[in-house]
Amino acid sequence: MAGPKYPGFDTLALHAGQSPDPATGSRAVPIYQTTSYVFRDTEHAASLFNMERAGHVYSRISNPTVAVLEERMAALEGGVGAIATASGQAALHLAVATLMGAGSHIVASGSLYGGSHNLLAYTLKRFGIDTTFVLPKPENFRKAIRDDTRLLFGETLGNPGLDVLDIPAVSAIAHAAKLPLLVDATFTTPYLMKPFDLGADLLYHSATKFLGGHGTAIGGVLVDSGRFDWEASGKFETLTAPYSGFHNMDFEEESGTRAFLLRARREGLRDFGACMAPMTAFQILQGIETLHLRMPRHVENTRKVVAFLKNNSFVDRVIYPELPEHPDHELARKLLPLGCGAVFSFEIKGGRAAGKRFIESLRVFSHLANVGDAKSLVIHPATTTHYRMSDEDLKKAGITAGTVRLSVGLEDAQDLIDDLDRSLKAAAKA
Amino acid sequence: MEILLQDKKAFAYTAAHALEAGKPSVVFIHGAGLDHSSFALQSRYFGYHGWNVLALDLPGHGRSEGPPLATIAAMADWVVEVLDQLNIEKAVLVGHSMGSLIALDAAARHAQRVEKIALVAVAYPMKVTEPFLDAARRNDLAAFDMHTIWGHAAQVPLGGNPNPGMWMYGDNLARLRRLAPGVLHSDLKASNDFVLSGTVQCPVLFILGKRDVMTPPRAAQVLLEKLSNSKVEIAELSGHGLMGEAPDATLDALVAFLRR
């Protein structure tokens, strides 16, 4: 007898989280552009506020359109649920603020998006949360763990050197220390990697990037695997002790698998308020509906562009884990069999001046501060995304003055190669 | 709250309320492989509406120490021991799936301790398919998949969860992954082997999901014919996971049934 079967990724990307609207029959996800929801009566209102009934009260806490995105992402990642946020940065902040307060410590990969580095290195420090940055090798995480550590954190593909986070090894180290592992999975999306299957406990995306894919909406989404045992860890009072801010609720006692998301929604969205707008959720859902079609093309185009650059005499080095010389090549083969994404870096000969001329010569690639768009993008990290980092931190992150980061889009690959070829020749004359 | 039974720690969720002697008591009993949080919304409601609530983690489940109890009768006796320990003379029992059999058995053999029973997603006999039992016996993850997929209506993976932002399949799987090896098989076997002895005189409410593929409404027919003092509520769109799939319909049915 054949066992039951889960819907495939492509089906979930199109359907999960939404059945045709019961009121109108609308097949597309309706945009519930409303702040609030009429209660049936006072008893119903009280029950919703006290989490005795499921439903929506106020769109900062939950909204039907946003809930479709949240459920769909939880389905695609294999989590228990998700919370959509105003941005990827808001998702990271929500994760940290739900787990810890002043006097806590994070061990983070040094190869992070500049915004994440800022939050951890400067802003959270002001609120008493300290971070140790390490080169993202498992043993370095282990060595940096302290008694007050509450979280291990890294990117599935580090920014911008594309260090592949050894999630099985780092999560094993985290779990041995009774700590969760949070990963930023923006560059890989659930199409290329399922971090929970590899051992991660929490993950988030900047949904602005490949999930949306259209470069029109800023958003984030935080997903919980529901697998970390907060009670057994004994290190997370926010989840395992009565919370006077919500009827003395002990979130872990309420539900072991839902504790993190309960607190994140009931406290984090309520008090910090970095919720996602319903229109944004709708736009990101439009992107997710074609994620399974776009990601293979992103990877295919990237491979062609990488092959071109690899053999170009004006290029010093191409940094992409599918290349045998990348330090994490073998790990990438194991953890990312469908491809290493569409964001990568290379070093142009001639340093800063050549880099400037190169970027200004491009016509198809757009020079801007984003990645994961359907259109191809380019940026110079040392003067933009990572400009606040010290030289030492830049070096740790594998960035030099000549590093150029590309986000390869869905255009005709030959047009992209021609654009790069012409601009590299122009740069050589700089 | 934690209680000690047979030298083992047992957990009962009380909706953040201390038990009070003057209040009526309702006990929620989860299904195979799950825990008290199956009844999260419903148990919380009654805790805030004048009832002593005990949403139990059966031995070997959730926060209660193992091993699991091997028969429905042993589980029913254990529930009554919980009542003894907490000086609760009589209670309403609300059970889901395997928990409904426990409530049924307790009502038959401990009639003086049971005021009413609500049977959510019940079948009698509750026959478990051999492939499911076999996969659970081998601690094969396929058993978790069968539990998850058959445990919800077919539209659940493609439809919206009434609980905003949650993925019902994911939550079910996450709870099953926390089980010690052998617990799910023990539960399934206990359900499969259960034979009702004695009669049930107290009022009985059946809450059934029309789209339930694990315990479809027709599988409750034998029991319905045995229990004269009963009524049935059918949730049109729900599968086996009524408390999550149709939380309001389930709660409304319980509120009406427990109204005093």
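Definitions and cut-offs
Residues numbered from 1 in each chain as written. Chains lettered and ligands numbered in written order. Predicted model: local features only at pLDDT ≥ 70, side-chain atom pairs only at ≥ 80, totals over all residues. Helix = DSSP H or I, 4+ residues; strand = E, 2+ residues; numbered from the N terminus. Rg over C-alpha atoms; globule rule 2.2 N^0.38 Å. Buried ≥ 20, exposed ≤ 12 C-beta atoms within 10 Å, placed from the backbone. Contact = placed C-beta atoms within 7 Å. Pairing = 2+ DSSP bridges. Axes fitted to C-alpha atoms, helices over the stretch in contact; angles between N-to-C directions. Nonpolar A, V, L, I, M, F, W, Y, C, P; charged D, E, K, R; others polar. Core = buried A, V, L, I, M, F, W, Y, C linked by C-beta atoms within 7 Å. Domains from an automatic or database assignment. pLDDT = per-residue confidence, 0-100. Parallel < 35°, antiparallel > 145°, perpendicular 65-115°, else oblique. Left-handed = near helix turned anticlockwise from the far one by under 90°. Expected span 1.5 Å × (residues − 1).

J.: Which parts of the structure should I look at to understand the overall build of chain B?
T.: Each helix and strand counted, chain B has ten helices and eight strands in total. Computed over its C-alpha atoms, the radius of gyration of chain B comes to 17 Å, within 12% of the 18 Å expected for a compact globule of 260 residues. A total of 260 residues make up chain B; the buried ones form 57% of that total. Counting only contacts in chain B whose residues sit at least 6 apart along the sequence, the fraction spanning at least 24 positions is 74%.

J.: Please explain the overall build of chain A as it appears in this structure.
T.: Secondary structure summary: chain A contains 19 helices and twelve strands in total. Since a compact globule built from 430 residues should have a radius of gyration of about 22 Å, the 22 Å found for chain A is in line with a globular shape. Each of the three principal axes of chain A carries a C-alpha extent, and together these read 75 × 55 × 50 Å. Expressed as a percentage of the 430 residues in chain A, the buried residues total 55%. Taking contacts inside chain A between residues at least 6 apart in sequence as the whole, the part at least 24 apart equals 73%.

J.: When you look at unusual backbone geometry in this model, what are you seeing that I'm missing?
T.: For residues besides glycine, phi is generally negative; the peptide bonds are generally trans as well. With an omega of 0°, the peptide bond running from B:Gly66 to B:Pro67 counts as cis. Along the chain, B:Pro67 turns up in the loop between strand E4 (52-57) and helix H2 (72-85). Even without a glycine there, the phi angle at A:Thr189 is positive, about 60°. Mapped onto the secondary structure, A:Thr189 falls in helix H8 (residues 189-192). A count of 26 C-beta atoms within 10 Å places A:Thr189 in the buried class.

J.: I'm lost on the sheet that holds strand E1 (residues 81-85) of chain A in this one. Help?
T.: Residues and elements named next belong to chain A. Taken together, the seven strands give an open sheet; going across it, the order is E1-E7-E6-E5-E4-E2-E3, and neighbouring strands pair in mixed fashion. Each of the sheet's edge strands pairs with one partner strand only, and the pair in question is E1 and strand E3 (129-134). For this sheet the average axis-to-axis angle between neighbouring strands, irrespective of direction, equals 20°. Pairing of strand E5 (residues 181-184) with strand E6 (residues 202-206), which is carried by three bridges, proceeds in the parallel orientation.

J.: It is not clear to me how the interface of chain B and chain A should be interpreted in this structure. Could you clarify?
T.: Reports often express the size of an interface as the amount of accessible area lost when the parts come together. Counting from both sides, the interface comprises 36 residues of chain B and, opposite them, 43 residues of chain A. Going through the elements one at a time, helix H1 (40-47), helix H5 (141-150), helix H6 (168-177) and helix H10 (247-258) of chain B are the ones with two or more residues in the side of chain B that touches chain A. By residue class, the composition of the side of chain B that touches chain A is 20 nonpolar, nine polar and seven charged.

J.: Explain the nonpolar core here, please?
T.: Here is a general trend for soluble globular proteins: nonpolar side chains tend to be buried in one another's company. Formed by 213 residues in total, the largest nonpolar core has its most connected members in B:Leu93 and B:Val94. Both of domain 1 (18-287) and domain 2 (292-428) of chain A provide at least three residues apiece to this core. The contacts of B:Leu93, once residues within four sequence positions are left out, are B:Val27, B:Ile29, B:Ala103, B:Ala106, B:Ala107, B:Val114 and B:Ile117.

J.: Can you help me understand the sheet that holds strand E10 (residues 366-367) of chain A in this one?
T.: Within a sheet, each strand pairs with its neighbour through backbone hydrogen bonds, oriented either parallel or antiparallel. Residues and elements named next belong to chain A. Taken in spatial order, the five strands of this open sheet run E8-E9-E12-E11-E10, and their pairing is mixed. A single partner strand is all that each edge strand has here, and the edge strands are strand E8 (315-319) and E10. Those strands touched by helix H15 (residues 291-310) are E8, strand E9 (343-348) and strand E12 (403-407), and its axis lies near 150° from that of E8.

J.: Hey, could you run me through the confidence of the model for chain B in this one?
T.: Low pLDDT means the predicted atomic positions in that stretch should not be read closely. Chain-level pLDDT for chain B is 96 on average; 100% of the residues reach the 70-or-more range. Listed scores for the predicted complex are pTM 0.96 and ipTM 0.96.

J.: In this structure, what is going on with the packing of helix H4 (residues 130-137) of chain B against H5(B)? I would like to understand it.
T.: When two helices pack together, their arrangement is given by the angle between their axes and by how far apart the axes lie. Residues and elements named next belong to chain B. At a minimum axis separation of 7 Å, H4 and H5 run at an interaxial angle of 135°. Accordingly, the angle class assigned to the pair H4 and H5 is oblique. Of the two elements, H4 crosses H5, and the hand of that crossing is left-handed. In this structure, H4 uses Phe132, Ala135 and Ala136 to contact H5, whose residues at the interface are Ala142, Ala143 and Met146.

J.: Please explain the environment of B:Leu58 as it appears in this structure.
T.: Residue and element names in this part refer to chain B. Considering the arrangement of structural elements, one finds Leu58 in the loop between E4 and H2. The class for Leu58 is buried, based on 27 C-beta atoms found within 10 Å. C-alpha of Leu58 to C-alpha of His152: the two residues are 94 residues apart in sequence and 22 Å apart in space. Once residues within four sequence positions are removed from consideration, Leu58 is found in contact with His30, Ser64, Pro68, Leu69 and Met75.

J.: Help me understand H10(B), please; the structure alone is not making it clear to me.
T.: An α-helical turn contains 3.6 residues, so a residue and the one three or four places further along point in the same direction. With twelve residues, H10(B) should cover 16 Å at 1.5 Å per step; its first-to-last C-alpha distance of 16 Å lies within 8% of that length. Looking at the buried residues of H10(B), the elements they touch are H1, strand E5 (91-96), strand E6 (114-120), strand E7 (204-209), strand E8 (230-235) and helix H9 (242-245) of chain B.

J.: Could you clarify how one ought to interpret the domain arrangement of chain A in this entry?
T.: Residue and element names in this part refer to chain A. What the domain assignment lists for chain A is domain 1 (18-287) and domain 2 (292-428). With centres defined by C-alpha atoms, the gap from domain 1 to domain 2 works out at 29 Å. Each partner contributes residues to the interface: domain 1 has 28 residues there, and domain 2 has 36 residues. Of all elements in the fold, only helix H5 (114-126) and H8 reach the threshold of two or more residues within the side of domain 1 that touches domain 2. Tallied by class, the residues present in the side of domain 1 that touches domain 2 amount to 13 nonpolar, twelve polar and three charged.

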